[in-house]
Amino acid sequence: MRSPQVPNGGLLSRSRTVAPAGWSRWLVPPAALSVHLSIGQAYAWSVFKPPLEKALGLSGTESALPFQLAIVMLGLSAAFGGTLVERKGPRWAMAVSLLCFASGFLLSALGAATEQFWLIVLGYGFVGGIGLGIGYISPVSTLIKWFPDRAGLATGIAIMGFGGGALIASPWSSQMLESFGADSGGIATAFLVHGLAYAVFMALGVLLVRVPADGWRPAGWTPPTEERAMVSTAQVSARNALRTPQFWCLWVVLCMNVTAGIGILEKAAPMIGDFFADTSTPVSVSAAAGFVALLSLTNMGGRLVWSATSDAIGRKNMYRVYLGVGALLYLLIATTGGSSKPVFVLSALAILSFYGGGFSTAPAYLKDLFGTYQVGAIHGRLLTAWSTAGVLGPLIVNRVADSQEAAGRSGPGLYSLSLFIMMGLLVVGFVAGECIRPVHPRFHEPAAEGGTADAPAGSENGTEVPDGSQQRLA
C-alpha cells in the first residue's frame, strides 16, 4: 500500500503512521504498553516522599503536591487535548507525552539538585502531568480501531500497563535511592535516570505505532448489527457526545467506581493496620506493605481480565458487577471485615480489581455507544471523572477517619461510616448505569454510503489515502 503524500511530512507525519499491507495489529499493544508502563510510574511517587521530606524539610502535605498536581493535569490535559490527539494521531500524541513526561523528570532533577522544590512541582506535577494525560489517551482510539472485535481486551492490555507501572518503578526507584543516596543529590540523580530511561522506552511506542487504513477490518470479522442493543454502528462526534445523557451517566458510573476504589488504595496500609490493631493478631508494617502490593497486582490484573470479560458479557453487565458486587463487598467489610482477615483482604482485592477494570472497560463502552469516530477525544473528556474521584475518595476516607478518631473511636470504627458512604456511591453509580440506553439518532454523524460517519480529512479515523489504497490488510 502506498502511503499518502503530505507536504513537508516528517517523522510524526500522519502519512507515515498508516500501516502498510500485511502489518500485524499485534504490534500496536506493545507500543501502547511502552507508554503506559512508563507513565504508570505516577503510582510509585510515594517512594520519593520520605526522602524529599527529609532532604528539603517538607511536610507530608507538601511532598504530595507534585503527585496531586500531576493527577489534576492528567485529567485536564486528557479532556482539553483529546480532540487534538484524535486529529494529530497516536504517533504525535506519544511523542508529546514522551517529551513532557521525560522533561518533567529532568526539571525535577534540577529542582532536587538546587533544592528548589517549586521546580519539582512544576516539572513532575505540571509538565509531567500533561505527559500523563496525553500519554494515557494516546493509544486508546487506535487500539479500538485495530481491535473492533476485541475492544475490551485491547484497551485492557494497554491500561493494564498504567496500573502495573508502579510494580516496576517502585523497587527500581528504591534501589536507585539506596545506590545514589537519599539526599538531594541522590534524588536528583534518580530523577535524571528516570527521565532518560523512560524517554528511550517510550520512543519504542512512537516508532511502532500505526493506524489502520480507512475502512480496514480484521479478516473474517463483520460489524455487529443493531440487534445488539448496546453496540452502535453509527458515529458520534465528541461535541455531540457531551450533549447526550449517555455520556453523563457513564461519567457518574466511572466517578463513583473510581471514588470507591481509590478510597481504599490511598489508605490501604494504615487501614488494614487499624482494622486489626486491637486483635490478637495485629498486622505488621511489612505485612501491610505486602497487602498494598497485592492491591496493586489486582488493580493491574483487573484491567485486563475484566475488560476482556466485557467482550463476552457486554459492558453494561460488566459495570453491574463492578458497582453491584462492589457495594455488597463494602457492606461485607463494614459488617464483618474487622473480625476476619481473609474477608477483609479478599474483599479489598476484589474491589481494587473492579477499580482497575472500570478504567479499562470505559473506552470499549464509549466505542459501543458513540462509535470510533472521535472515541479518543470522548475518552479524554470522560477522564475528568477520574480527576474528581481522585479528590473525593481520599477526602472522604481521611476526613471521616480523622473525625472518628477525634470522637474517641478506634479500629474498624474509624472507617465504618466511610465504607457505608462508598457503598452508597456505588449504588448511585449502579442506578446511573441502568439509565444508559443507545444514543438517539439525532446525535449521529451523517452516514456515508458504507453506513459509517464521514470522517473529516486529517482525522485519525479518516486518514486520507490515495484512491484504491483503502484495502483490507492481511
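Along each chain, residue indices are assigned from 1 in the same order as the chain's sequence is written. Under the rules for a predicted model, residues below a pLDDT of 70 receive no local features and side-chain atom pairs below 80 are neither given nor counted, while totals for whole chains, interfaces and linings still include all residues. Side-chain metrics rest on all non-hydrogen atoms present in the structure, leaving aside hydrogens and water.

## Thoughts on the packing of helix 17 (residues 384–406) against helix 18 (residues 416–434)
Axes are the key here: two packed helices are described by the angle between their axes and the distance separating the axes.
Right, on to step 1. Only the stretch in contact is used when a helix axis is fitted, and all axes are lines through C-alpha atoms; the angle between N-to-C directions ranges over 0 to 180 degrees. Secondary structure is summarised from DSSP: a helix means a run of H or I of at least four residues, a strand means a run of E of at least two, and numbering begins at the N terminus for each. Orientation of helix 17 relative to helix 18, taken along the N-to-C sense of each, is 150°, at an axis distance of 9 Å. In this view, helix 17 runs roughly antiparallel relative to helix 18, as classed from their interaxial angle. The handedness of the crossing between helix 17 and helix 18 comes out as right-handed. Where helix 17 abuts helix 18, its residues Gly393, Ile396, Val397, Val400 and Gln404 lie against Leu417, Ser418, Ile421, Met422 and Leu425.
Right, on to step 2. Looking at side-chain class alone, the contact of helix 17 with helix 18 contains seven nonpolar, three polar and no charged residues. With respect to orientation, any angle under 35 degrees is reported as roughly parallel, any angle over 145 as roughly antiparallel, any angle of 65 to 115 as roughly perpendicular, and every other angle as oblique. Take the far helix as the reference: if the near one is turned anticlockwise from it by less than a right angle, the crossing is left-handed, and if turned clockwise, right-handed. In what follows, residue pairs with any heavy atoms lying within 4.5 Å of each other are defined as contacts. Residue classes follow a fixed rule: Ala, Val, Leu, Ile, Met, Phe, Trp, Tyr, Cys and Pro count as nonpolar, while Asp, Glu, Lys and Arg count as charged, and any other residue, Gly among them, counts as polar.

## Notes on the pattern of salt bridges
Right, on to step 1. In the sections that follow, a salt bridge refers to a side-chain nitrogen of Lys or Arg positioned within 4 Å of a carboxyl oxygen of Asp or Glu. Inspection of the entire model under this criterion finds eight salt bridges.
Right, on to step 2. Taking the shortest distance from any N to any O, the salt bridge between Lys49 and Glu53 comes out at 3.8 Å. Taken as a pair, Lys49 and Glu53 lie in helix 2 (residues 49–56) at a separation of four residues, close to a single helical turn.
Right, on to step 3. Close ionic contact of Asp149 with Arg150 constitutes a salt bridge, the shortest N to O distance being 4.0 Å.
Right, on to step 4. Because the salt bridges share partners, they merge into one network encompassing Asp311, Arg315, Lys367 and Asp368.

## Some remarks on the packing of helix 13 (residues 285–313) against helix 14 (residues 315–336)
Right, on to step 1. Closest axis-to-axis distance for the helix 13/helix 14 pair is 7 Å, and the angle between their directions is 130°. Comparing the axis directions of helix 13 and helix 14 gives the class oblique. Two secondary-structure elements touch here, helix 13 through Trp306, Ser307, Thr309, Ser310, Asp311 and Ile313 and helix 14 through Arg315, Asn317, Met318 and Tyr322.
Right, on to step 2. Residues of the contact of helix 13 with helix 14, tallied by class, amount to four nonpolar, four polar and two charged.

## Topic: the packing of aromatic side chains
Right, on to step 1. Pairing of aromatic side chains requires ring centres within 6.5 Å, counting the rings of Phe and Tyr and the six-membered ring of Trp. Pairs whose planes differ by under 30 degrees are stacked, by over 60 edge-to-face, and all others tilted. This structure, assessed with the given rule, holds 28 aromatic pairs.
Right, on to step 2. Considering the side-chain rings of Phe101 and Phe105, the 5.3 Å spacing of their centres and the 90° angle between planes classify their relative orientation as edge-to-face. A residue pair is termed a helical-turn pair when its members lie 3 or 4 positions apart in one helix, as Phe101 and Phe105 do in helix 5 (residues 90–114) at four residues. Both residues of the pair, Phe101 and Phe105, belong to the buried class.
Right, on to step 3. A connected cluster of aromatic rings, assembled from ring pairs, spans Trp45, Phe48, Phe101, Phe105, Tyr124, Trp172, Phe191 and Tyr198. The classification of residues rests on relative accessible area computed with a 1.4 Å probe and restricted to protein chains. Under 20% of the type maximum is buried, over 50% is exposed, and intermediate values are partly exposed.

## Brief notes about the state of the cysteines
Right, on to step 1. Note on disulfides: each one is a pair of cysteine sulfur atoms within 2.5 Å. A full pass over the atoms with the stated rule returns zero disulfides.
Right, on to step 2. Looking at the unpaired Cys249, the closest cysteine sulfur is the one in Cys435, lying at 5.1 Å.
Right, on to step 3. The exposure class of Cys249 is buried, given its relative accessible area of 17%.

## Overview of empty space enclosed by the protein
Right, on to step 1. Residues are said to line a cavity or pocket when one of their atoms sits within 4 Å of a point; the points come from a 1 Å grid over protein atoms alone, cavities being sets where a 1.4 Å probe fits but cannot get out and pockets being open sets with protein on both sides within 12 Å along at least five of seven lines. Grid points are joined across faces, edges and corners, and a volume is the space filled by probe spheres set on the points. Scanning the entire structure with this criterion turns up four cavities of 30 Å³ or more.
Right, on to step 2. A volume near 70 Å³ is recorded for the largest cavity.
Right, on to step 3. As for the largest cavity, its lining consists of Leu250, Val253, Lys316, Tyr319, Arg320, Leu323, Tyr365, Phe430, Gly433, Glu434 and Ile436.
Right, on to step 4. Those elements giving two or more residues to the lining of the largest cavity turn out to be helix 11 (245–266), helix 14 and helix 18.
Right, on to step 5. If one sorts the elements of the lining of the largest cavity by residue count, helix 14 sits on top with four residues.
Right, on to step 6. A per-class count over the lining of the largest cavity returns seven nonpolar, one polar and three charged.

## Here's the deal with the confidence of the model for the chain
Right, on to step 1. The predictor attaches a confidence to each residue, and that confidence, scored 0 to 100, is pLDDT. Taken as a whole, the chain shows an average pLDDT of 84; of its residues, 88% reach a score of 70 or greater.
Right, on to step 2. Confidence, expressed as mean pLDDT per element, reaches its minimum in the chain at helix 3 (residues 60–63) with 78 and its maximum at helix 5 with 96.
Right, on to step 3. Within the model, the stretch residues 1–16 combines pLDDT values under 50 with 28 contacts to residues more than four positions away or in other chains.
Right, on to step 4. Low pLDDT, under 50, characterises residues 454–474; the predicted model gives this stretch 58 contacts beyond four residues in sequence or across chains.

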